[in-house]
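Structure at a glance
Each chain is listed here by its residues.
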Amino acid sequence: MLAAPVRGREDPASMGRILLSEGDITALAVDAIVNAANTELRLGSGVAGAIRERGGPGIQAECDAIGPVALGAAAVTGAGALPARHVIHAAAMRPGEKVSAESLRAATRASLELAREKGLRSIAFPALGTYAASKFALEGLSEAWRHELRPFGIHVYLVEPGPFKTDIWDRN
């Protein structure tokens, strides 16, 4: 389910793709970047902190007006000074708690559904930098994309700040 075409066959331009990308997610000029959020929609550290610092205080103000949200839900705000048009806040954890595979999959699916509802064509997810989270994120993206979103032509970017740990997709 990655961007590489099958030998001799390219998906039609109207079909979406899942692409791996290395770099700063806050620098991407896509329709939306995804923030791995908590249910209170408080922009703390990591990707959320970078979004708050680079996007400006308006993003947190919009989050404050929306939140809290249910575990596994997603909410959309503007992107402030970021090159993206929107930020989708994927609530995969409660404050002070850890992310579970189930909550990450639900928040990923909710983010993709929200992107579809809003007519977005490109969305970037943070790979979250850990073996477990990256594997859960890719599996959740692949499942939702394959079964529900591919016909809508949404391009999904999975972004890691440094080199990808390619062994996360090994099935052994």
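The present account deals with the structure reproduced in this document. (Residues numbered from 1 in each chain as written. Predicted model: local features only at pLDDT ≥ 70, side-chain atom pairs only at ≥ 80, totals over all residues. Heavy atoms only, no water.)

1. Topic: unusual backbone geometry
As a rule of thumb, non-glycine residues mostly have phi less than zero, and peptide bonds are mostly trans rather than cis. Note the cut-off: Segments assigned H or I by DSSP are reported as helices when at least four residues long, segments assigned E as strands when at least two residues long, and all are numbered from the N terminus. In this scheme, a residue with accessible area under 20% of its type's maximum is buried, one over 50% is exposed, and one in between is partly exposed, where area comes from a 1.4 Å probe on protein chains only.
Here the bond from Gly 67 into Pro 68 is cis, since omega is 0 degrees, no more than 30 degrees from zero. Relative to the assigned elements, Pro 68 resides in the loop between helix 2 (57-66) and strand 3 (74-78). With a phi angle near 60 degrees, Leu 41 is a residue other than glycine that sits in the positive phi range. Along the chain, the position of Leu 41 falls in the loop between strand 2 (32-38) and helix 1 (46-55). With relative accessibility at 2%, the residue Leu 41 sits in the buried group.

2. Considerations on the pattern of salt bridges
The condition that has to hold: Any Lys or Arg side-chain nitrogen found within 4 Å of a carboxyl oxygen on Asp or Glu counts as a salt bridge.
Following the criterion strictly, the structure yields five salt bridges and no others. The salt bridge involving Glu 97 is made with Arg 94; its shortest N-O contact spans 4.0 Å. Relative accessible area serves as the criterion here: at 44%, Glu 97 is assigned to the partly exposed category.

3. Some points on the environment of His 86
Put simply, the test is: Contacts are assigned to residue pairs that have any heavy atoms within 4.5 Å of one another.
Considering the arrangement of structural elements, one finds His 86 in strand 4 (residues 86-93). For His 86, a relative accessible area of 23% translates into the label partly exposed. Each C-alpha atom of the pair His 86 and Ile 59 lies 9.5 Å from the other, and the pair is 27 residues apart in sequence. Not counting residues up to four positions away in its chain, the partners in contact with His 86 are Asp 31, Ala 32, Ile 33, Val 76, Thr 77, Gly 78, Ala 79 and Leu 120.

4. Notes on the nonpolar core
If you look at soluble globular proteins, the nonpolar side chains tend to sit buried side by side. Condition: Take the buried residues of types Ala, Val, Leu, Ile, Met, Phe, Trp, Tyr and Cys, join any two whose side-chain atoms come within 4.5 Å, and each joined set is a nonpolar core.
Membership of the largest hydrophobic core comes to 16 residues, with the highest contact counts inside it found for Val 34, Ile 88, Ala 115, Ile 123, Phe 125 and Val 156. Breaking this core down by element, the ones donating at least two residues are strand 2, strand 4, helix 3 (101-117) and strand 5 (122-126). In terms of residues, this core owes the most to one element, helix 3, which gives five residues. Counting residues in hydrophobic clusters, the runner-up holds 13 residues, among them Ile 25, Ala 48, Ile 51 and Leu 82.

5. Here we look at helix 2
In plain terms, the rule: By arc we mean the arc of the directions from the helix axis to the C-beta atoms, nothing more.
By the burial criterion, the buried members of helix 2 are Ile 59, Gln 60 and Cys 63. Projected down its long axis, helix 2 shows its buried positions confined to an angular sector of 95 degrees, all on one face. Residues of helix 2 that are exposed and point more than 90 degrees away from the buried face comprise Pro 57 and Ala 65. On its buried face, helix 2 is in contact with helix 1, strand 3 and strand 4.

Taken by themselves, the reported measurements are silent on function.
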